[in-house]
Amino acid sequence: MTHSPLAENLRTLAGYGKSVSEVCRRAGVNRSQFNRYLSGSSRPSLQTLRRICDFFGVDEHEVLLPPEDFRAIVRLRPPRMNAGDDKAADFVQGLFLDQRQPAAQPGYYLGYIMPEPGVPAIYVHLVKLSWTGRGTTVKIVVRFPDAQINLPRRLTFEGAAFEQAGKLFCMVRERRRRRAASCIVLSLGDFETPALMDGVITGTEPEGGNDITSFRVVWRYIGAKPDLRRALRQCGVFPPDQIDLPELVRLTLADPI
């Protein structure tokens, strides 16, 4: 058996499958030929190597790394081995779980929404972005006053995010009753760790209505470990003239969509 980095790394990947035959069947690779790749007596063509890497969800340059470095990568990002089995799962996996770095700066943000220009209210909620090692999760805590119709005083939304073309895309759904879901798109700007992100939130109403709503939204970074009690006290629904907003946030909320 030849001790080549590629052969050893392929053996590492194959170990995540139920058997070599299952890996070959699902990846569309000849079993006898694949065994020669594992032994190091033969090397795959570029086209075959791409097919194998796509199946396991690794990059071609990664499978050529020294074995110790490659094992460290797959420990953090285990092979998914579902190529061709479920197109919907493949699509979601590619968006949310194959990230090399956080989609945006992890930590806590205050989110601001002005529902309608004619409605004298600004909604402030707490946002947490977390990095799992494979993807970015989103948690949003929304607080309402006692007088809010058909809603509890507090709702929690959970979801995931990915970065594309300098924009942060978030998909979230209300955790408890699951009546409301939203898509949030925010501009990351030209900074690796933007302190302010603005964009649009579009989705269904928390009350469970049939309308589709779309509002301007701004997220302002408040730190990796802020005083959460203080941050939650800043959340709720406030008249525009009774809340201390950074001027840039106020101007951005006033812009039409």
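Refer to the structure presented above.
Criteria and cut-off values
Residues numbered from 1 in each chain as written. Predicted model: local features only at pLDDT ≥ 70, side-chain atom pairs only at ≥ 80, totals over all residues. Heavy atoms only, no water. Helix = DSSP H or I, 4+ residues; strand = E, 2+ residues; numbered from the N terminus. Buried < 20%, exposed > 50% of the residue type's maximum accessible area, 1.4 Å probe, protein only. Contact = heavy atoms within 4.5 Å. Areas by Shrake-Rupley, 256 points an atom, 1.4 Å probe, with all protein chains shown as cover. Core = buried A, V, L, I, M, F, W, Y, C linked by side-chain atoms within 4.5 Å. Pairing = 2+ DSSP bridges.

1. Some thoughts on the overall build of the chain
Secondary structure assignment for the chain yields 8 helices and 9 strands. Expressed as a percentage of its 257 residues, the buried residues of the chain come to 40%. Sequence separation of 24 or more characterises 51% of the internal contacts of the chain that already satisfy a separation of 6 or more. Just so you have it, the chain exposes about 14400 Å², and 51% of that area is on carbon and sulfur atoms.

2. Quick notes on the nonpolar core
The biggest cluster of nonpolar side chains holds 28 residues, and the ones touching the most others in it are Val-138, Ile-140, Leu-168, Ile-184, Met-197 and Trp-219. Put simply, the parts of the chain that give this core at least two residues each are strand S1 (107-113), strand S2 (122-131), strand S3 (136-143), strand S4 (154-164), strand S5 (167-174), strand S6 (181-187), strand S7 (196-204) and strand S8 (212-223). Ile-52, Cys-53, Phe-56 and Met-81 belong to the second-largest nonpolar core, a separate cluster that totals 21 residues.

3. Here we look at unusual backbone geometry
Residues apart from glycine generally show negative phi values, whereas peptide bonds are mostly found in trans. Although it is not a glycine, Ala-165 sits at a positive phi angle of roughly 55°. On the basis of relative accessibility, which here comes to 65%, the residue Ala-165 falls in the exposed class.

4. Digging into the pairing of S7
In this sheet, S7 lies alongside S6 in antiparallel orientation, the contact comprising 6 bridges. For Ile-184, the partnering residue across the bridge sits in S7 and is Ile-201. When S7 meets S8, the two strands line up antiparallel, connected through 9 bridges. Counted as the bridge partner of Met-197 is Trp-219 from S8.

As far as function goes, none of this settles anything; it's purely spatial.
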